[in-house]
Structures are given as structure tokens and as C-alpha cells.
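# Coordinate inspection notes
What follows is the residue order along each chain.
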Amino acid sequence: MKAEISWLDDPQTFRVNQLPAHSDHRGYATVAEALAKRSSLVQSLDGSWEFSFAKDPQHRPVGFYETDYDRSDFDQLTVPGHIELAGYGQIQYINTTYPWEGKYYRRPAYSMGADRPEKGMFSTDPENTVGAYVKHFTLDTALQNKRVSIEFDGVEQAMYLWLNGQFVGYAEDSFSRSEFDLTPYLQAGDNVLAVEVFKHSTAAYLEDQDMFRFSGIFRSVRLVAKPALHVEDMTIRAGVDDDFVTGDLRVNLKLSAVDKLVGAVNVSLLNDTGEAIWTTENEAAATLDLSATINHVHLWNHHDPYLYQLQVELRDATGELVEVVPYQVGFRRFEMKNKVMELNGQRLILNGVNRHEWDAHRGRAVTQADMDYDQQIFKENHINAVRTCHYPDQDEWYHLCDRNGIYMMAENNLESHGTWQKMGAVEPSYNVPGSLPQWQLAVLDRAKSNYEMFKNHPAVLIWSLGNESYAGDDIAAMDKYYHDVDPTRLTHYEGVCRNRDYADRISDMESMMYDHPDAIEEYLKNDPAKPFVNCEYMHDMGNSLGGMNSYTDLIDKYPMYQGGFIWDYIDQALWVKDEVTGQPVLRYGGDFDDRHANYEFSGDGLLFADRTPKPALQEVDYYYGQHD
Amino acid sequence: MANTTKLNVIYGDETLGLSGPGFHYIFAYDRRGLESLVQYGKEWLYRTPNPAFWRATTDNDRGNGFSTKSASWLGADLFSACTQIDVAVDGQPIQLPIAPVNNQYSDHETATTVAVKFTYTTTTTPATTASVEYIVDGTGKINVNVHYNGATGLPELPAFGLRLVMPTAATGFDYQGLSGETYPDRQAGGRPGTYHVDGLPVTPYMVPQECGMHMKNDWVKVTRATTLNNADPDHQPFSLTIRQTGHPFAFSCLPYTPEELESATHIEELPPVRRTVLTIFGAVRGVGGIDSWGADVEPQYHIAGDIDHDFSFEIAGVTD
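Only a predicted model underlies this, so the values are computations on that prediction, with no experimental measurement involved. (Residues numbered from 1 in each chain as written. Chains lettered and ligands numbered in written order. Predicted model: local features only at pLDDT ≥ 70, side-chain atom pairs only at ≥ 80, totals over all residues. Heavy atoms only, no water.)

Next up on the list: the overall build of chain B. Scanning chain B from terminus to terminus reveals four helices and 21 strands. For 320 residues, the compact-globule estimate of 2.2 N^0.38 gives 20 Å, and chain B sits close to it at 20 Å. Along the longest, intermediate and shortest principal axes, the C-alpha atoms of chain B span 65 × 45 × 40 Å. Across the 320 residues in chain B, those meeting the buried criterion constitute 57%. Contacts in chain B between residues far apart in sequence, at least 24 positions, make up 68% of those at least 6 positions apart. In chain B, which carries 20 positive and 36 negative side-chain charges, the distance between the mean positions of the two groups comes to 3 Å. (Helix = DSSP H or I, 4+ residues; strand = E, 2+ residues; numbered from the N terminus. Rg over C-alpha atoms; globule rule 2.2 N^0.38 Å. Buried < 20%, exposed > 50% of the residue type's maximum accessible area, 1.4 Å probe, protein only. Contact = heavy atoms within 4.5 Å. Lys, Arg positive; Asp, Glu negative; His and termini not counted. Charge placed at Lys NZ, Arg CZ, Asp CG, Glu CD.)

Spelled out as C-alpha cells, the structure:
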């Protein structure tokens, strides 16, 4: 297959030759590796890559992926990271409108009619910057002679992949993992991996989040080897009976083999002292459905995030251990009862925050230290819930939320604000995805990637379909998808309040943003159909967060008021060197000559961009502490 | 027991001097305010204190148009003039003792208390008045009474207080009140206690704005270690204390005036820290939080322009 640059213009081409999304488990070669969480089957490709920047597709180094291409003029760039923060490409912060506002007149493909495909919009876009990345690697011994795939955890916004000069595949969806099978293209010794990253594609219409607009490989990249037998996917459902005493564990495993699917599958459930409380041994098969009853199960919740560990061990026909897959399991039941969301039979109160991934030095390429710090801030301030606004976060964040009992509203990578809200008014004349069939598969794929990757995390209580994208058949299809695949969680989407025709088909909860407390009370007083959640409230821009009690007072008055998520966790600003004093200073939108821009509107955090708390945080601690 | 120490009163030609052991204050008729506040040889005033009518626009103020609606208070903060001065000795009003009225006095005048009141006429339309009365006793204690005359047609106030600008930057301040930066609509999380703050921190909001407010205080003590006096080589810390008189007060202690904060788009644009701006507030507007593009601060946290506002505090003397 040949890579086509026209895919950038086509909303119906968003994944080519990608492996199907699956659970975020990790395979290890031995039990000891699993305990140490260091898999010899994984080879990181983070670090220095060869790199060439082009200001537009016409100036890109065509054919740079060929093994004999002369790349002597390529620079070096660190992966993961944003191209703009390495000095290539202009930094821009913009909120609702698209980054080309005031520069190019555009309408999304097919939004003005089925005969309007808008060919060439991005493939010939004079401001669609291109990053050409090249990485040489030799497989580690443990990966040699195995099936090998490559995982890109985040590439913004469209990427083409080649190995040793051969085209491998194409991906959009900047914030979901993209995985490709490299096995057919690998060679002994040196391999040449090439990635071409375009800043814009039709995905741009779906990724109009209120944030700095970046490009590049901004999350980790790794090679992953599959042993002779391999767990491709696992679905863990850990529930509890009506008395909240007896746990009900159901595990579905999907296995693959390098040739014949023979061997043994040992599955155990360990308690937190490492003692096996359930074990089963089965013949290897393409699909295995296992179940167990756990007496006196220890339930998972915010205050007691108790985790069991499921351990899957695969042995080949000779009985040799070939893969160990551990996964942490939290038993809990989340359900709607009498129009109130309950966790383990208790009314859920969301003391939440919206969290963009942000690091003032690194942009959205946040570090483990950033995430650990954020969890500590949550713990110290009675924050019990997080909305991953407005895209899936790094995988590790979900594991941290499992371990620390942080309830997650796990949001898709979707925001098309600029297609329906203009000058602050609802104006959906060219909304995408809307009900356009040409855009539906792209958003469904995003829903699927989000579900498959994070379906086993007890912390995820709510799937959020996206943010501020209006409502139509396509988002209704996303809602249906989640309900079809996952009976253990509820769906959330605020945008349906802009188009009530879809109220029955979208979102299990009434969600609003920035509604005044009296308007919320009015809703709650009038026998509403759905419980209420503030998906965004208490806009903490600058010196703000006054009057929080007007919201928290509703908790004790109305059972169907279930709290919300403060906007937001951390200011988005960037450390730069002051052009006058040479000192490090924090800069925001418009400070990079970026126009059209939204200036300081990105500074709405409970934390300053350097992660020091704003004074308002003590107020959050106080009010969230009242209902923790 | 009542303090019976007498104040020395110096009936100057342009000023009224008041002194006692360890303090010397000068009220200047030409400067139209309290020009000098010296305790133990250290000057505490850079310029005469003035009523504070403005706060640097917050992001929420900008979003909901409050600063636009109340912009006349920015002019009033900068340009309101003192239009009347009244002096009373031991409770008895006297004719303003400028030359030659002061020829009737001697070089050894004393009093139990002296009150000097400055009345300011605002630059707003309509205009109104505000007054600041200083009542000094023999210990150097100054009771300060601040009054705002409400007037129909005036917009809501961003703030109402008295601003004291000190000649050099403080090394820090101590106060008994609530932890952290608090406002009327954001103080539930403030823990009562006694706190020390190093230096004069400006809360580093991305765009400099109103900040550093402390609600519900019994007292605040500002400490400096330097003066502008070329003959004063001493760098030992020295302090001035403000106390409540019946009602807790709010204050901020910053290196900048609201107008300096107002003009900057980034914190690095603020000038070098040179002075201390201590503002004692009798009324503080809330910061709001519902959104930043139109939602008003909740009504109970507004400062009405058409009703009177009063507050009092004391500047501690030298013997207590």
C-alpha cells in the first residue's frame, strides 16, 4: 500500500493498518519482571531522533523515509516533545475558533453538502507544518525473533509510518495510542523507522480543544514484542452482589500465537498481600471466558482504593512460561438508582477538577513527577474526581487514579467548538460531527480507542463523549457504542443541552457548564429526568473561585445534585526567557505574536502553571472536605 | 487606667506637629494629609495616605464589565482632592492654626488628644465626599476613622480603604487573621491564626491583578529594615502595628499600587520592588467565580456606591 497525502483531507480516512485498540495491559517475560514492572519485551524509542521541519507539505522532504535518503541536513529532536517548543513552528493559544481563524476561510468536508469534500484543504495548506522524524534501532535481544509492534502513545495530529522504506500505516486521533505491526518489515541489525507528522488534517476539526496548539510526537514511543503466546486483549469486570458482600469476577482473554494456539493459561487473583485467593488453569484458546465468586470481597472506592491483582501466566506446549500479564482489579458497582448515581450503594458526590495535561516547560508532554505531584495535590485537598478534559490522558494517569481512588470521567478526544459556537452564540450551521455520515466513523473510532484502552480501570466510572461539539446522530452513536459494550459505566455529554432533540439518546446525566446556582436549583426542583453534574464550574481564571458554597450547598438539598468538576486544575502558560532581562518568565497566548489568540484565557487553574497552588486552593480543600 | 501622657503640639506655619517620647507625627496643610509618621526615629510614610477606591481589575472584573461600569472610581482613586481640613484639640474644634492664626501659640503647647480630619471630594459624577480622621494621643496611638458618603447615582465601588505607602520595601509582615489570600466570597477555607509572610509577595496571576487580600484581622505588623534617611545606617528591623478597634479589618500589603498592577500584562513588567503599599480596607468586593465572561459577583459581596461606609482602626503608639 502507498501512503496518500490526500488522507489528510478525508474525514473517512483516520486509521490505516493500525492494530485494533485493546486493553492497556503489559506483558512480561517472567514473574520477576512483572513484580519489578520492567518488561524485557519492551524497548523504548524515546530519546533523540533525526528531525527535519517543513513549513508546509509542499516543502517537506518527500521520500525521507527511504533508507538511502540523504538526511545529513537533519537536526536532532527529543521524543517525546512538541515541535513548537523545540523552536520549530509558531506557538499559538486559541480557545474556540480554529487556529486558522482570520487567515483561511474553511468549512469542514461535507459540512456544506455531500458534494463538498473540500479536497486539498490540509494537503496543500500553506501553514500545515510537517515534521519528518527518523529513528534507527536494533532490536534488543529479548525482542528478536518475535512478533513486534510499535506503540505511539500520542502524536499530534496525523502521522504516516514507514519502516526500512516500506509504508506501515497512518493514524489520526492525537491522544489515543496508535499501534502498528512491524513484524513484516523488520530486519536483522539496523532498522530505519520514519514518521511524518502533519500539524493539521481533518482531525483538526475534532481537536479544537481550548489549549495551546502543538504538533509532534509528544508521548512515548516503544517497541513491544509478543511472545509465542500473547494476551492481545483482556476485559475484566469486577462487580459485587446486591448485598455488596460477594464479588463477581469475569475475565475475558483474547490470545494470539506466533503459530499454533496451544499451551496453558493460568489465571490467579491475588489480594493485596500477594496471596492467591482464586486460581484457574485452562487450555490456551483464542478466547477464554473465566469467572469467579469472591466471598467477602474488599470493595474499591475513594477512601479505600483496595486493589486485587489479576495475574495471567501463559505457558507454551512445553510448559515454559512465555508471558506474564498482571493487572490491578478493583471491585465496585456503579449504577443509576432512582435517578441518582451510586457507587457501591452510596450516592456519588463528585469533588472534581478538570485536568489538562500541562507542564510549563514541556507543554502536554507531562512527566511521571508531574502526575505524582498532581495526585498528591488531589489527596491533600479532598479532590476525589477528575475529568480528562478533553482527551484521553497518558495511560499512567489512569493507573494512578486506580491506586489513589480518584473517580474518573474519561473523556474522548473530541471538541469541535469552532463549528457551532461563534461569537459566544450557538450557530451550528457547519457543525461536525453533527449527523454527517462522513464523520461518524472517525468519532466512533475515538470512542472505541478510549473504551478499549481504559475499560479495565476501576477508577473510570463515566465515559464522556467529548466536549462542546453540539449534538447529532454521530455523538448519539458514540453514546450507543458505550452502552453496547459497557454495562458497568454511565455516559456523560454536556453538549446535548444545546440540542435537546437528542436528550433521550445522549448522556445518562444532565450536565451543564457554568450554570448559575439558581438555574441548577430550578432544574433540580422540577422533577428532572437525570441527575445533575457540573462538568465545568467555578471558573478559576486569575483571582477567582468566589462563592463556591452556592454550589456545594446544593449537595445537601438535592440528592440528584452530584457535584462537579472545577475548571480547571492548572494554568496553561509556558516558561520562556524574557527578551529584556533574560530571566525565565511565564508566557501565555498572544505572547508569541500568535494571532488570532485568546491570550490569558488559558490561566484558569487551581495551580499556577509552575504547579504552585493558587491561594484559592484552600477554599476548594474546605468545601470539598465538607462532602468527602 | 487612662493614659495621662501629654502630647507636644507644634503649631507650625504649614504643618501641625505632634510628638511624644519615641514618636513624631506631622500633619501637613499644604500636602493635605498625614505627611510624616515617625516612631523611634523611623519614617513610615512616603506620601500622605489617601482613600482607596480602586482595585486592579481581576479577570472576572474584566469579563463581566465591572471595571468599565465602575471606571470612575479609578479616577477617584488617583485624583480625588482633599477639600477640607479640620482640627480639634482635646475634643474642641479650633480654627485651622495656619499662619498667622498660630501666632497665639507658644513653643510648649500640649494636649491630651489632637484630631485632624481630611475630607476628600471625589472626581466622580456625581461627586461625593470621604473623610479620614486621625485622633492622636500622648502614647502616639492614632485612631483612624474613615467615612464614605453614599450618593445616589454612583457605581458600585471596587474597594474602600485607606492606603499607606511606606518609603521602603518591608521585609515581611505578621498578622492575626485568616490563612492565605481571602475575599468576602472566598474566606471559608481561611484558617484563623497568626501568620508571618516573608517579603511582599504579589500573587503571580498570569495577568497582574487585585491580589493579596487578607480578611478578618485583629492586627497586622509590618516590618522594615531600611529607610531612605541617609543619616540612618541602622538596618535593624523595626515595625508598625495596625489594630482593630471593635471590628476586624481587611488589608493587603503589597509592593505596588492598584494602578501599577493595572498597567502590567505580565508580572515581569512590574517595576522593581521599592516601597510598601499597606491598604486597610473597610469594604472589599468579592472576586466571583461562576464564570469569567459575564457572571457578576454574587450580590451580597458588592460594595454599594449609594450608601455610607465606615470603618475604624488604630495605628499603635510607641508605649503599647
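What follows continues from the structure just given.
This part takes up the overall build of chain A. Each helix and strand in chain A was counted, giving nine helices and 37 strands. For a compact globule of 628 residues, the expected C-alpha radius of gyration is about 25 Å, and chain A comes in at 24 Å, within 12% of that figure. Per-residue burial for chain A yields a buried fraction of 66% across its 628 residues. Accessible surface, chain A as shown: approximately 22,100 Å² in total, 48% of it carbon and sulfur. Between the centroid of the 55 positive side chains of chain A and the centroid of its 99 negative side chains there is a distance of 2 Å. (Areas by Shrake-Rupley, 256 points an atom, 1.4 Å probe, with all protein chains shown as cover.)

With that out of the way, let us pick up the sheet that holds strand β25 (residues 346-347) of chain A. Where strands meet in a sheet, backbone hydrogen bonds hold them as pairs that are either parallel or antiparallel. All names here are of chain A. Here we have three strands laid out as an open sheet, ordered β23-β24-β25, and antiparallel in their pairing. Among the strands making up the open sheet, the edge pair consists of β23 (334-337) and β25. Sheet analysis places β23 next to strand β24 (residues 340-343), joined by four bridges and oriented antiparallel. Its bridge partner being in β24, Glu 335 is matched across the sheet by Glu 342. (Pairing = 2+ DSSP bridges.)

UniProt marks residues 17-316 of chain B with the feature "domain: Beta galactosidase small chain/" (unreviewed entry), using the numbering shown here. Helix and strand shares over residues 17-316 of chain B are 8% and 41% respectively, and the end C-alpha atoms of the span are 18 Å apart. (UniProt positions renumbered as here; feature names shortened; annotations may be inferred.)

Moving on to the environment of Tyr551(A). Tracing the backbone shows Tyr551(A) in helix α8 (residues 549-557). A relative accessible area of 1% places Tyr551(A) in the buried class. Expressed as a C-alpha distance, the spacing of Tyr551(A) and Glu66(A), which sit 485 residues apart in the sequence, is 59 Å. When sequence neighbours within four positions are dropped, the list of residues in contact with Tyr551(A) reads Asp515(A), His516(A), Pro517(A), Ile520(A), Asn534(A), Tyr537(A), Met538(A), Tyr561(A) and Ile290(B).

What follows deals with unusual backbone geometry. All names here are of chain A. Val 79 connects to Pro 80 through a cis peptide bond whose omega is 5°. Within the secondary structure layout, Pro 80 lies in the loop between β4 (75-79) and β5 (92-94). A cis amide bond links Trp 567 with the next residue in sequence, Asp 568, at an omega value of -20°. Inspection of the secondary structure puts Asp 568 in the loop between β35 (561-566) and β36 (574-577). Residue His 382 is not a glycine yet carries a positive backbone phi of 60°. Assignment of secondary structure puts His 382 in the loop between α3 (368-380) and β27 (385-387).

Residue and element names in this part refer to chain A. Per the domain assignment, the segments of chain A are domain 1 (5-225), domain 2 (229-329) and domain 3 (349-625). Measuring from the centre of the C-alpha atoms in domain 2 to the corresponding centre in domain 3 gives 33 Å. Across the contact, twelve residues belong to domain 2 and 21 residues belong to domain 3. Sorting the residues of domain 2 by area buried against domain 3 places Arg 237, Trp 300 and His 302 first, and these three jointly supply 48% of that buried surface. The salt bridge involving Asp 486 is made with Arg 237; its shortest N-O contact spans 3.9 Å. Every element with two or more residues in the side of domain 2 that touches domain 3 is listed here: β16 (229-240) and β22 (321-329). Split into classes, the residues belonging to the side of domain 2 that touches domain 3 amount to six nonpolar, four polar and two charged. (Domains from an automatic or database assignment. Buried area = accessible area lost by both parts, 1.4 Å probe. Salt bridge = Lys/Arg side-chain N within 4 Å of Asp/Glu carboxyl O. Nonpolar A, V, L, I, M, F, W, Y, C, P; charged D, E, K, R; others polar.)

What follows concerns the interface of chain A and chain B. Taken together, the contacts link 37 residues of chain A with 37 residues of chain B. Among the residues chain A hides against chain B, the three largest losses belong to Asn543(A), Tyr588(A) and Gln618(A). Together they make up 26% of the total. Linking chain A with chain B are one salt bridge, by the criterion used here. Across the salt bridge formed by Arg587(A) and Glu268(B), the nearest N and O atoms sit 2.8 Å from each other. Summed over the shared surface of chain A and chain B, the number is 22 residue pairs in polar contact (both at pLDDT 80 or more). (Polar contact = N/O pair within 3.5 Å; in protein donor to acceptor, adjacent residues only side chain to side chain.)

If you look at the biggest cluster of nonpolar residues, it comprises 127 residues, and the most contacted ones within it are Tyr561(A) and Ile566(A). Among the elements that take part in this core, helix α5 (residues 437-454) of chain A stands out by supplying seven residues, more than any other. Two domains each provide a minimum of three residues to this core, namely domain 1 (5-225) and domain 3 (349-625) of chain A. Those residues in contact with Tyr561(A) that sit more than four places away from it in its chain are Arg347(A), Ile520(A), Leu524(A), Phe532(A), Asn534(A), Tyr537(A), Tyr551(A), Leu554(A) and Ile555(A). Counting residues in hydrophobic clusters, the runner-up holds 62 residues, among them Tyr25(B), Val132(B), Phe238(B) and Phe313(B). (Core = buried A, V, L, I, M, F, W, Y, C linked by side-chain atoms within 4.5 Å.)

For the structure on display, the rule yields 64 aromatic pairs over all chains. Ring geometry for Phe122(A) against Tyr205(A): centres 6.0 Å apart, planes inclined by 70°, an arrangement best described as edge-to-face. With Phe122(A) in the loop between β5 and β6 (130-137) and Tyr205(A) in helix α2 (residues 203-206), this residue pair connects regions lying 83 residues apart in the sequence. This pair shows no difference in class: Phe122(A) is buried, exactly as Tyr205(A) is. Judged by centre distance (6.2 Å) and plane angle (25°), the rings of Phe27(B) and Phe118(B) are stacked. Of the two residues, Phe27(B) is situated in strand β3 (residues 23-28) and Phe118(B) in strand β10 (residues 113-121); the sequence distance between them amounts to 91 residues. Overall, Phe27(B) belongs to the buried group, its relative accessible area being 0%. Judged by relative accessible area, Phe118(B) falls into the buried class, the value being 1%. The side chain of Arg47(B) reaches across the aromatic face of Tyr46(B), ending 4.2 Å from its centre. Directly above the ring of Trp44(B) sits Arg224(B), whose terminal nitrogen or CZ lies 4.6 Å from the centroid. (Phe/Tyr/Trp six-rings, centres within 6.5 Å; stacked < 30°, edge-to-face > 60°. Lys NZ or Arg CZ within 6 Å of the ring centre and 35° of its normal.)

The subject of this paragraph is the UniProt feature "domain: Glycosyl hydrolases family 2 sugar binding" (unreviewed entry) in chain A. The UniProt record marks residues 43-227 of chain A with the feature "domain: Glycosyl hydrolases family 2 sugar binding" (unreviewed entry), using the residue numbering of this structure. Measuring from the first to the last C-alpha atom of residues 43-227 of chain A gives 14 Å, for a span that is 2% helix and 37% strand.

All names here are of chain A. Taking strand neighbours across the sheet as the criterion, the eight strands line up as β32-β31-β28-β27-β26-β35-β34-β33 in an open arrangement whose pairing is parallel. The sheet is open, and its two edges are formed by β32 (490-492) and β33 (510-513), each paired on a single side. Strand-to-strand, the axes of this sheet are offset by a mean angle of 25°, without reference to chain direction. Alignment of β33 against strand β34 (residues 532-537), held across four bridges, turns out to be parallel. Looking at β34, one finds that Glu 510 is bridged to Phe 532. (Axes fitted to C-alpha atoms, helices over the stretch in contact; angles between N-to-C directions.)

We now examine the environment of Ile383(A). Residue and element names in this part refer to chain A. Looking at where Ile 383 falls in the secondary structure, it is placed in the loop between α3 and β27. The class of Ile 383 is buried, set by a relative accessible area of 1%. Ile 383 sits 339 residues away from Ser 44 along the chain, and the two C-alpha atoms are 33 Å apart. The contacts of Ile 383, once residues within four sequence positions are left out, are His 302, Asn 351, Val 353, Phe 378, Ile 406, Leu 606, Val 620 and Tyr 624.

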